[in-house]
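Notes for the structure review
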Number of protein chains: 2
Amino acid sequence: MASRIERLCVERGLKMTGQRRVIAKVLSEAEDHPDVEELYRRAASLDSRISVATVYRTVRLLEEKGILERRDFGGGRARYEATEHGHHYHLIDIESGRVIEFEDAEHEQLMRQIATRLGFDLVSHRMELFGRRRTGAEPGADRPNGDGDIVAEQDGGRARDRNGVTR
Amino acid sequence: MASRIERLCVERGLKMTGQRRVIAKVLSEAEDHPDVEELYRRAASLDSRISVATVYRTVRLLEEKGILERRDFGGGRARYEATEHGHHYHLIDIESGRVIEFEDAEHEQLMRQIATRLGFDLVSHRMELFGRRRTGAEPGADRPNGDGDIVAEQDGGRARDRNGVTR
DNA sequence: TTAGTTGCAAACCCTTTGCGAGGTC
DNA sequence: GACCTCGCAAAGGGTTTGCAACTAA
């Protein structure tokens, strides 16, 4: 059974090698935002005949094909997630590195208006929040969570310095 | 007459060397978002006894002191601007690399609410728009510009590939 | 005088690439 | 068989750092 991403690769006419199949599987199963090193680690544990170079090449290729999206959460390394689950944004816990996804329907619309007002067509945008967990408040604990905002929560990446924070 | 940034350095107790004075001057006079290479070029033209390493060290120091803010507009190099003119955001012209600043008072408030809802205190956030100049519409041409949105427009940096755009 | 700063070059880190070998369609 | 892809190791590009000389306070 081909993984979801493997099917997308085939659809887009990519030659499916053993390595790509493994990387596609890893990506299909990832529920977080792994960087290349992490993808390599996961892929290599399934098939040790894979090199980092191939992971870099594959990830770049899939991004060009629109199958993957590259993210920059600071820290100097790119992180990836599959293009699929509708638009969402990220809140990064600056202490643990954990990434929380959330939706905000108003935003895209709002940004488009701003660009238009400035005389531009909006091609893309990015927005990340960096925060610290409120003391005495587990996420979704004080507020029953059921309002559909939290799409997912994961990623135990270690927090890093100099992460490009806006302030 | 010490430059604005030089005064801030002194206030913060930094030892003022000749190199720092020059870099402070360059930063004080910059009206764009130069990267280190550009800062070095400008500084070296005022005093050739400056090395890139010093620019890197100074810029990092000033950022830690809250005098400078580091920005990431994609392209892999950090860009800097003085902490001062109130909060604003950036729209990057993906064709020319030009950066347009704009304000959006609602945003910070909105983002803070989102973070709060997720159980976090908002420490910082970033948002960048990437757009293409609408054909037949010079910025502020079709719309008389007088609504106070455009704070500044400058930066002739060349556009770059793989610039970390969200989509 | 003393602790902090500089230039230089080497080191780092992430990512890309040239090349010959190997695989896919 | 033609063309693509792989692993390896080297190269790149931005940024940091060790060290000895130097300098602001």
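What counts and how
Every residue gets a number counted from 1 within its own chain, in the order that chain's sequence is written. Whichever chain is written first is A, and whichever ligand is written first is 1; the rest continue in order. Confidence filtering applies because this is a predicted model: local features only for residues at pLDDT of at least 70, side-chain atom pairs given and counted only at 80 or more, and all residues used for totals across whole chains, interfaces and linings. Based on all heavy atoms of the structure, the side-chain values leave hydrogens and waters out of the count. Type-normalised accessible area, obtained with a 1.4 Å probe on protein chains alone, sets the label of each residue: buried when under 20%, exposed when over 50%, and partly exposed for intermediate values. Helical segments are the DSSP runs of H or I of at least four residues, strand segments are the runs of E of at least two, and each set is numbered from the N terminus. Strand pairing is defined by DSSP finding a minimum of two bridges between the two strands. The near set for a molecule or strand comprises every residue that places at least one heavy atom within 4 Å of it. The definition of a polar contact used here is a pair of N or O atoms within 3.5 Å, where within protein one atom must be able to donate a hydrogen and the other to accept one, and adjacent residues in sequence count solely through side-chain atom pairs. Take the residue count of a helix, subtract one, and multiply by 1.5 Å to get its expected span. The contact criterion used throughout is that any non-hydrogen atoms of two residues lie within 4.5 Å. Scored between 0 and 100, pLDDT is the confidence that the predictor attaches to each residue. Per the annotation, domain bounds derive from an automatic or database assignment of domains. When two components associate, each loses some accessible surface as probed by a 1.4 Å sphere; the sum of these losses over both components is called the buried area. The salt bridge criterion pairs a side-chain nitrogen of Lys or Arg with a carboxyl oxygen of Asp or Glu, the two atoms within 4 Å. Under this grouping Gly is polar, as are all residues other than the nonpolar Ala, Val, Leu, Ile, Met, Phe, Trp, Tyr, Cys and Pro and the charged Asp, Glu, Lys and Arg. Convention adopted: a line fitted to C-alpha atoms gives each axis, helices being fitted over their contacting stretch, and angles between N-to-C directions are expressed from 0 to 180 degrees. Crossing handedness: left-handed means the near helix sits turned counterclockwise from the far one by under a right angle, and right-handed means the same turn made clockwise. Put simply, a nonpolar core is a bunch of buried Ala, Val, Leu, Ile, Met, Phe, Trp, Tyr and Cys residues held in one set by side-chain atoms that sit within 4.5 Å of each other. UniProt positions are given in the numbering used here, feature names are shortened, and annotations may be inferred rather than shown by experiment.

1. As for the pairing of strand β2 (residues 79-82) of chain B
Residue and element names in this part refer to chain B.
- Going residue by residue along β2, you find R79 and E81 tucked away on one face and Y80 and A82 tucked away on the opposite face as well.
- Two elements, strand β1 (residues 68-71) and β2, share 4 bridges in a ladder whose sense is antiparallel. Looking at the pairing, R71 lines up with R79 of β2.

2. Looking at the protein's contact with DNA strand D
- Around DNA strand D lies a shell of 20 residues, among which Q19(A), R49(A), T54(A), Y56(B) and R77(B) are the nearest.
- Here the atoms of DNA strand D within 4 Å of the protein split so that 74% fall in sugar or phosphate, with bases taking the remainder.
- One nitrogen or oxygen atom from the side chain of Y56(B) is found 2.6 Å from a phosphate oxygen belonging to DNA strand D.
- Within the backbone of G76(B), one N or O atom sits 3.5 Å away from a sugar or linking oxygen of DNA strand D.
- Secondary structure elements with two or more residues in the surface near DNA strand D: α2 (18-29) and α4 (52-64) of chain A together with α4 (52-64) of chain B.

3. Observations concerning α4(A)
All names here are of chain A.
- Given a rise of 1.5 Å per residue, 13 residues ought to cover 18 Å, and the 18 Å separating the end C-alpha atoms of α4 matches this to within 8%.
- Listed as buried for α4 are V55, T58, V59, L61, L62 and E63.
- For α4, the elements touching its buried residues are α1 (4-11), α2, α3 (36-46), β1 (68-71) and β2 (79-82).
- Just downstream of α4 lies G66, where phi reads positive at about 80°.

4. Some thoughts on the confidence of the model for chain A
All names here are of chain A.
- Across chain A, the average pLDDT comes to 83, with 80% of residues at or above 70.
- Contacts of residues 139-151 to residues separated by more than four positions or lying in other chains number 20 contacts, the stretch itself having pLDDT below 50.
- Overall, residues 156-161 carries pLDDT values under 50, and its contacts beyond four positions in sequence, including any with other chains, amount to 14 contacts.

5. Re the domain arrangement of chain A
All names here are of chain A.
- What the domain assignment reports for chain A is domain 1 (4-81) and domain 2 (89-131).
- Between the C-alpha centres of domain 1 and domain 2 there is a distance of 24 Å.
- Taken residue by residue, the interface counts 6 residues in domain 1 and 6 residues in domain 2.
- Taking both partners together, domain 1 and domain 2 bury about 500 Å²; carbon and sulfur atoms supply 55% of that area.
- Summed over the shared surface of domain 1 and domain 2, the result is 0 salt bridges.
- Run the count over domain 1 and domain 2 and you get 3 residue pairs in polar contact (both at pLDDT 80 or more).
- By residue class, the composition of the side of domain 1 that touches domain 2 is 1 nonpolar, 1 polar and 4 charged.

6. Considering the protein's contact with DNA strand C
- Around DNA strand C sit 20 residues in total, of which Y56(A), R77(A), R20(B), R49(B) and T54(B) are the nearest.
- Take the atoms of DNA strand C that sit within 4 Å of the protein: sugar and phosphate atoms are 70% of them.
- For DNA strand C, a base oxygen lies 3.3 Å from a polar atom in the side chain of R57(A).
- Residue R49(B) places a main-chain N or O atom 2.3 Å away from a phosphate oxygen belonging to DNA strand C.

7. What about the packing of helix α3 (residues 36-46) of chain B against α4(B)?
All names here are of chain B.
- Across the interface, α3 lies against α4 with an axial gap of 9 Å and an inter-helix angle of 115°. For the crossing formed where α3 meets α4, the hand is right-handed. Seen from α3, the contacting residues are V36, L39 and Y40; seen from α4, they are V52, V55, Y56 and V59.
- Residues that form the contact of α3 with α4 fall into these classes: 7 nonpolar, no polar and no charged.

8. Remarks on the nonpolar core
- Counting residues in each nonpolar core, the largest one holds 24 residues, and the members touching the most others are F102(A), M127(A), L129(A), F102(B), M127(B) and L129(B).
- Elements with a minimum of two residues in this core: β3 (89-93), β4 (99-102), α5 (105-117) and β5 (120-133) of chain A together with β3 (89-93), β4 (99-102), α5 (105-117) and β5 (120-133) of chain B.
- With sequence-adjacent residues up to four places away left out, M127(B) is seen in contact with M111(A), R126(A), M127(A), Y89(B), H90(B), F102(B), H107(B) and M111(B).

9. Here's the deal with the UniProt feature "binding site: Fe cation" (unreviewed entry) in chain A
Residues and elements named next belong to chain A.
- With numbering aligned to this structure, UniProt lists the feature "binding site: Fe cation" (unreviewed entry) at H87, E108 and H125. A stretch of 39 residues holds the annotated residues, and the largest C-alpha distance among them is 11.2 Å, short enough that they meet in one place.
- With a relative accessible area of 44%, H87 lands in the partly exposed category.
- A distance of 2.8 Å separates a polar atom in the side chain of H87 from a polar atom in the side chain of E108.

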